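Below are the chains, spelled out letter by letter.
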Amino acid sequence: LKKASSHIHSDAVYLVRIPNGMQKIRLSELIYIESNKHYLHFHTKDGEYRERNTMKGIQDFFDGKGFAMVNSYIMVNLSYVDKVQGSLIEIVGQQMLIARGMKTEFLNKMAAFLSGKGM
């Protein structure tokens, strides 16, 4: 996992629209993104940021950058996945359920990421 996480470009950032401005988030510090009622919650090492948006609206940006959907409302940074067991993943001490219809794609992205080909 350490080798794979080194492939994330430390200068790659996403700009979160916050009230009265923007917040720059380094992708290497972004743990996961959660969708909840027209808002996205960006969970980082330093805290949580929220913007009004949808997963569909950001998926193209995160495609090929070491992120994968685990269900329709959570996208994870693959470098923070500590464990995959059955239909559960563990990421920073939290367990998340992989949706049945997304499991194959998630596992393929995880394998490609770990081999260095998913970037």
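Everything below is about the structure printed above this text.
Residues numbered from 1 in each chain as written. Predicted model: local features only at pLDDT ≥ 70, side-chain atom pairs only at ≥ 80, totals over all residues. Heavy atoms only, no water.

Student: Can you walk me through helix H2 (residues 55-62) in this structure?
Tutor: The α-helix winds at 3.6 residues per turn, so residues separated by three or four positions along the chain end up facing the same way. Those residues of H2 not exposed but buried are Met55, Ile58 and Phe62. The buried residues of H2 occupy an angular sector of 80° when projected down its axis, which confines them to one face. Opposite the buried face of H2, at more than 90 degrees from it, the exposed residues are Lys56, Gly57 and Asp60. Buried positions along H2 lie against strand E1 (13-18), strand E3 (30-36), strand E4 (39-44), strand E5 (47-52), strand E6 (67-71) and strand E7 (74-77). Backbone geometry just downstream of H2 places glycine 64 in the positive-phi region, at approximately 80°. (Buried < 20%, exposed > 50% of the residue type's maximum accessible area, 1.4 Å probe, protein only. Helix = DSSP H or I, 4+ residues; strand = E, 2+ residues; numbered from the N terminus. Arc of directions from axis to C-beta. Contact = heavy atoms within 4.5 Å.)

Student: I'm lost on the nonpolar core in this one. Help?
Tutor: The nonpolar side chains of a soluble globular protein tend to be buried, and buried together. Ranked by internal contacts, the top residues of the largest apolar core, which has 16 residues, are Val76, Leu78, Val81, Ile89 and Phe106. The greatest single-element share of this core, amounting to 3 residues, is contributed by helix H3 (residues 103-115). With near-sequence residues (within four places) excluded, phenylalanine 106 lies in contact with Ala68, Met69, Val70, Val76, Leu78, Val81, Val84, Ile89 and Ile98. Membership of the second largest hydrophobic core comes to 15 residues, among which are Ala12, Leu30, Met55 and Ile58. (Core = buried A, V, L, I, M, F, W, Y, C linked by side-chain atoms within 4.5 Å.)

Student: So what exactly am I meant to see when it comes to unusual backbone geometry here?
Tutor: A positive phi angle is found at histidine 38, which is not glycine, with a value near 70°. The topology assignment puts histidine 38 in the loop between E3 and E4. You can call histidine 38 exposed: its relative accessible area is 55%. Despite not being glycine, valine 92 has its phi angle at roughly 50°, a positive value. If you trace the backbone, valine 92 turns up in the loop between strand E9 (88-91) and strand E10 (94-97).

Student: Is there a simple way to explain the pattern of salt bridges in this structure?
Tutor: Here the idea is simple: oppositely charged side chains can pair when their charged atoms come close. All told, the structure shown has 3 salt bridges when counted by the stated rule. When the shortest N-O distance is used, the salt bridge between glutamate 51 and arginine 17 registers 3.7 Å. Here glutamate 51, found in strand E5, pairs with arginine 17, found in strand E1; they are 34 residues apart in sequence, far enough to count as distant. You can call glutamate 51 buried: its relative accessible area is 2%. Note on arginine 17: relative accessible area 44%, which makes it partly exposed. Among the ionic pairs, lysine 109 bridges to glutamate 105, the shortest N-O distance being 3.6 Å. Within this pair, lysine 109 and its partner glutamate 105 are both found in helix H3, separated by 4 residues, close to a single helical turn. (Salt bridge = Lys/Arg side-chain N within 4 Å of Asp/Glu carboxyl O.)

Interpretation in functional terms is not warranted from these geometric data alone.
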